[in-house]
Structures are given as C-alpha cells and as structure tokens.
Amino acid sequence: MKLTKKMQSALLMENNRQLFKCPICSAGMEMVDHSRLVCRDMHSFDLAKSGYVNLAPQAHSTKYDKSLFEARTLVMNSGYFGPVLENVIARINDHLTGTEHSVVLDAGCGEGTHLHAIHSQLGTECIGIGIDLAKEGIAAASKNYPGIIWSVADLAAMPFADAQLDAIINILSPANYAEFNRLLKPGGMIVKVVPESGYLQELRDAFYEGKQQKEEADPLERFREQFDAVESERLTYTFSLPEGLLEPLIRMTPLTWNASEERVREVLSAGMKEITIDLRVIVGVRR
Ligand SMILES: C[S@@+](CC[C@H](N)C(=O)[O-])C[C@H]1O[C@@H](n2cnc3c(N)ncnc32)[C@H](O)[C@@H]1O
Ligand SMILES: [Zn+2]
C-alpha cells in the first residue's frame, strides 16, 4: 500500500525526532499519532496533509506568495540554475565523503526545488531538511517533493537541536551565522550562494535602465569572520530563455516587485532571448 505524503513525512520525522526542539520552550519533541509533533510541555504542531509542519511560533505573511513560488518552480526546473547546483552538489559530496549518515538543511529553501535536486544527488544516506518562513513555499515543496523534512520556520531561530547538521545550504536567502554555527556539527559545512553584480542584468536593464540596486555589505568578508577554510567561486553564464519562461522569470524575483504592470507587459512583448546568471558560491566550515 502506498503511504500518504503525511504518513511518509510523519515516519521520517519520527525516525529523526532527535533533530527537533520545540520552537516555544526548546524541549525535545515526539511524534504523536503520526500527525503532530508534541513537546514535553504539550506544545503541539500538526502536520499538514501534504506532510510539512509549521514550527514558526507566529504566523508570518511575506511578499513571497503562491504565484511567486509557482513561477520559481517553473524557472528552477528549466535548467537555469544547473551549473550552480552542480557546483554546490560537488562541494557537499566532497565534504561528506566517508560520512555514512548525514543531515543537510536548506535555510530559506523557498519552494524546495534546489534542495530536492541537491538531496537526490548526495552520495550518502542523507536526511534533507528544508525550512522557510513563507508557508506557501513550504506547502509547494511538500506537495512536489516528498521524502524531505519540510518545515515553516524562521532561520534566525530554528526549531532544531544543537550540532546535528553536516551541512547548511543558504541560496539567495538571508543568513543568521550565529544560528548556523549553533546547528552545525563542529567541522560542518556551510554553502552560501549570493548574487554578483551581473545577476539578472537583462531584467535590471529592462526595469531600472541599468541602475544598480543598493549593494549589500561584502558577504565574503562577513563569512571569513565566522567560518574556517573559506573558499569562494564566481559562476557567470548566460542562459537561453526557452519560450514562455520570461513571464515566470519576471514574476519570481523581488527585483521587479516595484515595477508597474504596464512596464511588465512592455518587457514581455519586447521579449528577451537570454539572461545572465552571475552568482558567487561561498563555502566554509564551522570552527
Ligand atoms: C530569493 S528567495 C530564495 C529561495 C530559494 N533559496 C531559491 O533560491 O529559490 C528568499 C527566501 O528567503 C526566505 N526568508 C526570508 N527571511 C527568512 C527567515 N527569517 N527565515 C526563513 N526564511 C526566510 C523567503 O521566504 C524566501 O523564500
Ligand atoms: Zn514546548
């Protein structure tokens, strides 16, 4: 008999319950009736039908809604991110060589396509955990990609016990290095992907006439303060946009949030043949 998504997920969480801690009181959690995680103090968190668990103490509404995540899934499944994922997978596999059972968490996983791709290609027996504050992202992830622990959670206060993770992935999402250090095993690895100046240049040209958006503080510098064995690599390539992908590309990125619908329509009718991907992969290990 085929297990439901919820049952499959309940068993996965039950078998790995030592990973969890209550987001309210920090006590350990147990799976009860294959349907909810409950702590010693009886704080209780139901599994959704699709198998994810909401462990964010308060509801958060974010600008990342269902349609944005649907657009992201289309774009991410187009091969657009292929070289970046290959790079990340090779680095994690390298790090996990000789580790029999590993746990890899994606902090700010969105709709989960990257973690799914990475998890399915890790050579070891690996537990994947994806967390994001946007419920719509986690709901989509759990529907599309069973076999991974999906949880709505804040990456600045994650509902997981100390020093359990072999690697943390953090792609185009905010970071909280104190929290990442708490969760990583000593020697555990962090892989962060940040945008470089040319990322989505053609969209920037179309919507901002080439004007740069505000640059963030140098992420590499901050990374070196926190982690050992820091390495970084810039990946720059152009991706030919298949028919029909421009609209989801425009819809999926915060870059165009302030653009008028009229401008979006103009850019769509002008068309776009290719798009520049310019990202930096930064890795380090916990001290
Ligand atoms: C640009 S998206 C990247 C999503 C995914 N990593 C990807 O590359 O497709 C940024 C993500 O960070 C998430 N995020 C922002 N603040 C967060 C927080 N405090 N805790 C968890 N997720 C957060 C957002 O909900 C969003 O899904
Ligand atoms: Zn509790």
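Everything discussed here concerns the structure shown above.
Now for a description of the structure that goes with this document. Bear in mind that the values here come from a model prediction, so they are computed numbers and not experimental data.

Cut-offs used in this document
- Residues numbered from 1 in each chain as written.
- Chains lettered and ligands numbered in written order.
- Predicted model: local features only at pLDDT ≥ 70, side-chain atom pairs only at ≥ 80, totals over all residues.
- Heavy atoms only, no water.
- Donors = N, O, S within 2.8 Å, 3.2 Å for Na, K, Ca; no water.
- Tetrahedral: all angles 85-135°; square planar, octahedral: opposite > 155°, others 65-115°.
- Buried < 20%, exposed > 50% of the residue type's maximum accessible area, 1.4 Å probe, protein only.
- Core = buried A, V, L, I, M, F, W, Y, C linked by side-chain atoms within 4.5 Å.
- Helix = DSSP H or I, 4+ residues; strand = E, 2+ residues; numbered from the N terminus.
- Contact = heavy atoms within 4.5 Å.
- Pairing = 2+ DSSP bridges.
- Axes fitted to C-alpha atoms, helices over the stretch in contact; angles between N-to-C directions.
- Near = heavy atom within 4 Å.
- Polar contact = N/O pair within 3.5 Å; in protein donor to acceptor, adjacent residues only side chain to side chain.
- Areas by Shrake-Rupley, 256 points an atom, 1.4 Å probe, with all protein chains shown as cover.
- Nonpolar A, V, L, I, M, F, W, Y, C, P; charged D, E, K, R; others polar.
- 1 Å grid on protein atoms, 1.4 Å probe; cavity = no way out; pocket = protein on both sides within 12 Å on 5 of 7 lines; lining within 4 Å.
- Points joined across faces, edges and corners; volume = space filled by probe spheres on them.

On to the coordination of the zinc ion (ligand 2). Metal coordination angles in their ideal form are 109.5 degrees for the four-donor tetrahedron and 90 or 180 degrees for the six-donor octahedron. For the zinc ion (ligand 2), the protein coordination sphere consists of Cys22 (SG), Cys25 (SG), Cys39 (SG) and His43 (ND1), at 2.1 to 2.3 Å. Geometry at the zinc ion (ligand 2) is tetrahedral, judged from the 4 donor atoms that bind it and their angles of 102 to 115° at the metal. Counting along the primary sequence, the residues that act as donors to the zinc ion (ligand 2) give the motif C-x2-C-x13-C-x3-H. You can call Cys25 partly exposed: its relative accessible area is 28%.

Now for the nonpolar core. Counting 56 residues, the largest nonpolar core has Tyr80, Ile92, Leu203 and Ile275 as the members making the most contacts within it. Top element by residues in this core is helix α3 (residues 82–96). It accounts for 6 residues. Apart from residues lying up to four places away in sequence, Tyr80 is in contact with Val75, Tyr199, Leu200, Tyr237, Phe239, Leu249, Met252, Ile275 and Ile277. Met31, Phe45, Val103 and Leu183 belong to the second-largest nonpolar core, a separate cluster that totals 37 residues.

So, on to the sheet that holds strand β7 (residues 149–152). Spatial ordering of the open sheet is given by β4-β7-β6-β5-β8-β9-β11-β10, a layout of 8 strands whose pairing is mixed. Edge strands, defined here as strands with exactly one partner in the open sheet, are β4 (53–54) and β10 (228–240). As defined by bridge partners, strand β5 (residues 101–107) adjoins strand β8 (residues 165–171) across 3 bridges and the pair is classed as parallel. In the strand pairing of β8, Leu105 is matched with Ile168. This element, helix α8 (residues 219–226), spans β9 (184–195), β10 and β11 (274–285) of the sheet and lies at about 15° to β11.

Around ligand 1, the surrounding shell holds 18 residues, and the nearest of these are Arg72, Gly108, Asp132, Asp154 and Ile171. With respect to ligand 1, the backbone of Gly108 contributes an N or O atom lying 2.8 Å from a nitrogen atom. Backbone polar atom of Leu133 to a nitrogen atom of ligand 1: 3.2 Å apart, as the coordinates give it. In the complex, the protein chains occlude 90% of the 600 Å² of accessible area that ligand 1 would expose alone. Here the shell around ligand 1 gets 3 residues from one element, more than from any other, and that element is helix α2 (residues 66–76). In terms of residue class, the shell around ligand 1 is built from 11 nonpolar, 4 polar and 3 charged.

Space inside the second largest pocket adds up to approximately 220 Å³. The wall of the second largest pocket is formed by Lys63, Asp65, Ser67, Leu68, Ile250, Arg251, Thr256, Trp257, Ala259, Glu261 and Val264. Of all the elements in the fold, those that place two or more residues in the lining of the second largest pocket are α2, α9 (246–252) and α10 (261–270). The residue inventory of the lining of the second largest pocket, partitioned by class, reads 5 nonpolar, 2 polar and 4 charged.

Glancing now at the side chain of Ser102. Relative to the helices and strands, Ser102 is located in strand β5. Residues within four places of Ser102 in sequence aside, it is in contact with Leu96, Thr124, Glu125, Cys126, Ile127 and Asp166.

What helix α5 (residues 135–144) keeps buried is the set Gly137, Ile138, Ala139, Ala140, Ala141 and Ser142. Its buried side turned inward, α5 meets α1 (5–15), α2, β6 (125–132) and β7.

The residue Met42 is not glycine, and still its phi comes out positive at about 70°. Mapped onto the elements of the fold, Met42 is located in the loop between β2 (36–39) and β3 (44–46). Accessibility expressed as a relative area gives 61% for Met42, which makes it exposed. One non-glycine residue, Ala163, lies in the positive phi region at around 50°. Relative to the helices and strands, Ala163 resides in the loop between β7 and β8.

Regarding α2, the residues found buried are Leu68, Phe69, Ala71, Arg72, Thr73, Val75 and Met76. Lining the buried residues of α2 we find α4 (113–119), α5 and α9.

The subject of this paragraph is the sheet that holds strand β1 (residues 29–32). The 3 strands are arranged β1-β2-β3 in an open sheet whose pairing can be described as antiparallel. Looking at the sheet topology across the chains shown, the edges are occupied by β1 and β3. Direction aside, neighbouring strands of the sheet carry axes that sit 25° apart on average. Alignment of β1 against β2, held across 4 bridges, turns out to be antiparallel. In the sheet register, Glu30 faces β2, and the bridge partner there is Val38.

Don't take any of this as a statement about function, it's just geometry.
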